[in-house]
Amino acid sequence: MRQPLVVGNWKMNGTRDSVRQLLDAIVAGVSADSPVAVGVCPPYVFIPQAAQHLSGTPVLLGAQNVADHEAGAYTGEVSASMLKEFDCKLAIVGHSERRSLYGESDALVAARYQQAIDHGLTPLLCIGETLEQREAGETFAVVDSQLDAVLEKAGIQSLSKAVIAYEPVWAIGTGKTATPQQAQEVHAHIRQRIAAQDADIAGQVRILYGGSVNDANAKSLFGMADIDGGLIGGASLKADAFLTIVQSAAETI
Ligand code: PEP
């Protein structure tokens, strides 16, 4: 049985005060025996504050990216070992905003993923197609090549310590959600592709859906057989909506 996971990606939002308020509300809403694993990924600068706030709570702390090197002359980057010092458990890698706005290649994403694995951070690997690619019938080919780039570097076994997020680019921040059937089709494909290499790992690995998930549509998405929770952007900035999404995941168990 795969424990559902719901993770908030706060992107470049927040102030010290809003972070405190949001974390207060999330901590109050997630019990120690929650059947759903819950995480938040604030901007780097708020990670020390969040680490302190979340200490002793079941809410997992994550980063929105992680450096592709151990240490050194890499201005602007934050290493996996630094994140570990602040109790981070998760690191998003390959988010489509990083790929499209900052030109992150599959090779760079694979190196970031490898760093997370090497340092005991759980990489949350984002893969997904653009609208143009979907309309050209290339969805499976795109997610396959994004996944393969990582597995060729890190190996199939690394997936036992990772999470995949299928995030169709056309659904991120647009208010357009994939239908549960559209999402399930791609999730099942990803799982089958992994199963072709290792059936056990395919059965264990959590595949989250991301793309305009909100408190109204979460339950129907999470109810699909191969959807194991969500990576939530906009709706994770509102505690009520985020906690309703967490509750929706609990109701599908
Ligand atoms: C995301 O940033 O990963 C995301 C899914 O954003 P949103 O929920 O706002 O579409």
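Residues numbered from 1 in each chain as written. Predicted model: local features only at pLDDT ≥ 70, side-chain atom pairs only at ≥ 80, totals over all residues. Heavy atoms only, no water.

Undergrad: Would you take a moment to explain the overall build of the protein chain for this structure?
TA: The helix and strand inventory of the protein chain stands at 11 helices and 8 strands. Taking 18 Å as the expected radius of gyration for a compact globule of 253 residues, we find that the protein chain reaches 17 Å, a close match to that expectation. For the protein chain, the proportion of its 253 residues judged to be buried stands at 53%. When contacts within the protein chain are restricted to residue pairs at least 6 apart in sequence, long-range pairs at least 24 apart make up 73% of them. (Helix = DSSP H or I, 4+ residues; strand = E, 2+ residues; numbered from the N terminus. Rg over C-alpha atoms; globule rule 2.2 N^0.38 Å. Buried < 20%, exposed > 50% of the residue type's maximum accessible area, 1.4 Å probe, protein only. Contact = heavy atoms within 4.5 Å.)

Undergrad: Help me understand helix H2 (residues 47-54), please; the structure alone is not making it clear to me.
TA: Quick reminder: α-helices carry 3.6 residues per turn. Residues three or four places apart thus point the same way. The set of residues buried in H2 consists of Ile47, Ala50, Ala51 and Leu54. Buried residues of H2 fall within an arc of 105° about the axis and therefore sit on the same side. Close packing links the buried residues of H2 with helix H1 (16-29), strand S2 (37-41), strand S3 (60-63) and helix H3 (80-85). Just downstream of H2 lies Gly56, where phi reads positive at about 80°. (Arc of directions from axis to C-beta.)

Undergrad: What exactly am I supposed to notice about the pattern of salt bridges here?
TA: In a structure, side chains of opposite charge can pair up when their charged atoms sit close to one another. Inspection of the entire model under this criterion finds 14 salt bridges. Across the pair Arg99 and Asp106 runs a salt bridge, and its minimum N-O distance is 2.8 Å. One network of salt bridges, in which partners are shared, links Arg2, Arg191, Asp226 and Asp228. (Salt bridge = Lys/Arg side-chain N within 4 Å of Asp/Glu carboxyl O.)

Undergrad: Looking at this structure, how should I read the side chain of Glu104?
TA: Tracing the sequence through the fold places Glu104 in the loop between helix H4 (96-101) and helix H5 (106-118). Within polar-contact distance, the side chain of Glu104 engages the side chain of Asn65 at 3.2 Å. In this structure the side chain of Glu104 is engaged in a polar contact, spanning 3.0 Å, whose partner is the side chain of Arg98. Discounting chain neighbours no more than four positions away, the residues touching Glu104 are Asn65, Arg98, Arg99, Val109 and Arg112. (Polar contact = N/O pair within 3.5 Å; in protein donor to acceptor, adjacent residues only side chain to side chain.)

Undergrad: It is not clear to me how the site of the ligand should be interpreted in this structure. Could you clarify?
TA: Near the ligand there are 14 residues, and of these Lys11, Glu167, Gly173, Ser212 and Gly233 occur at the shortest range. One of the backbone N or O atoms of Ser212 is found 2.7 Å from an oxygen atom in the ligand. When the ligand sits alone it has 290 Å² of accessible area, and the protein chains cover 96% of it. Its residues assigned to classes, the shell around the ligand comprises 4 nonpolar, 8 polar and 2 charged. (Near = heavy atom within 4 Å. Areas by Shrake-Rupley, 256 points an atom, 1.4 Å probe, with all protein chains shown as cover. Nonpolar A, V, L, I, M, F, W, Y, C, P; charged D, E, K, R; others polar.)

Undergrad: Would you mind showing me how to read the nonpolar core here?
TA: One recurring pattern in soluble globular proteins is that nonpolar side chains are buried together. Counting residues in hydrophobic clusters, the biggest one holds 68 residues, and the most contacted among them are Leu159, Ile190 and Ile194. Look past the residues within four positions of Leu159 in its chain and what remains in contact with it is Tyr113, Leu151, Ile164, Ile194, Ile201 and Val205. Judged by nonpolar contacts, the second largest core, of 12 residues, contains Ala37, Ile92, Cys126 and Ala165. (Core = buried A, V, L, I, M, F, W, Y, C linked by side-chain atoms within 4.5 Å.)

Undergrad: I tried to follow the state of the cysteines on my own but got confused; where do I start?
TA: Using the criterion set out here, one finds 0 disulfides in the structure. Of the cysteine sulfurs around Cys41, a residue in no disulfide, the closest is that of Cys88, at 8.0 Å. Residue Cys41 is classed as buried on the basis of its relative accessible area of 0%. Cys126 carries a free sulfur, and the closest cysteine sulfur to it, the one in Cys41, is 9.2 Å from it. For Cys126, a relative accessible area of 1% gives the class buried. (Disulfide = S-S within 2.5 Å.)

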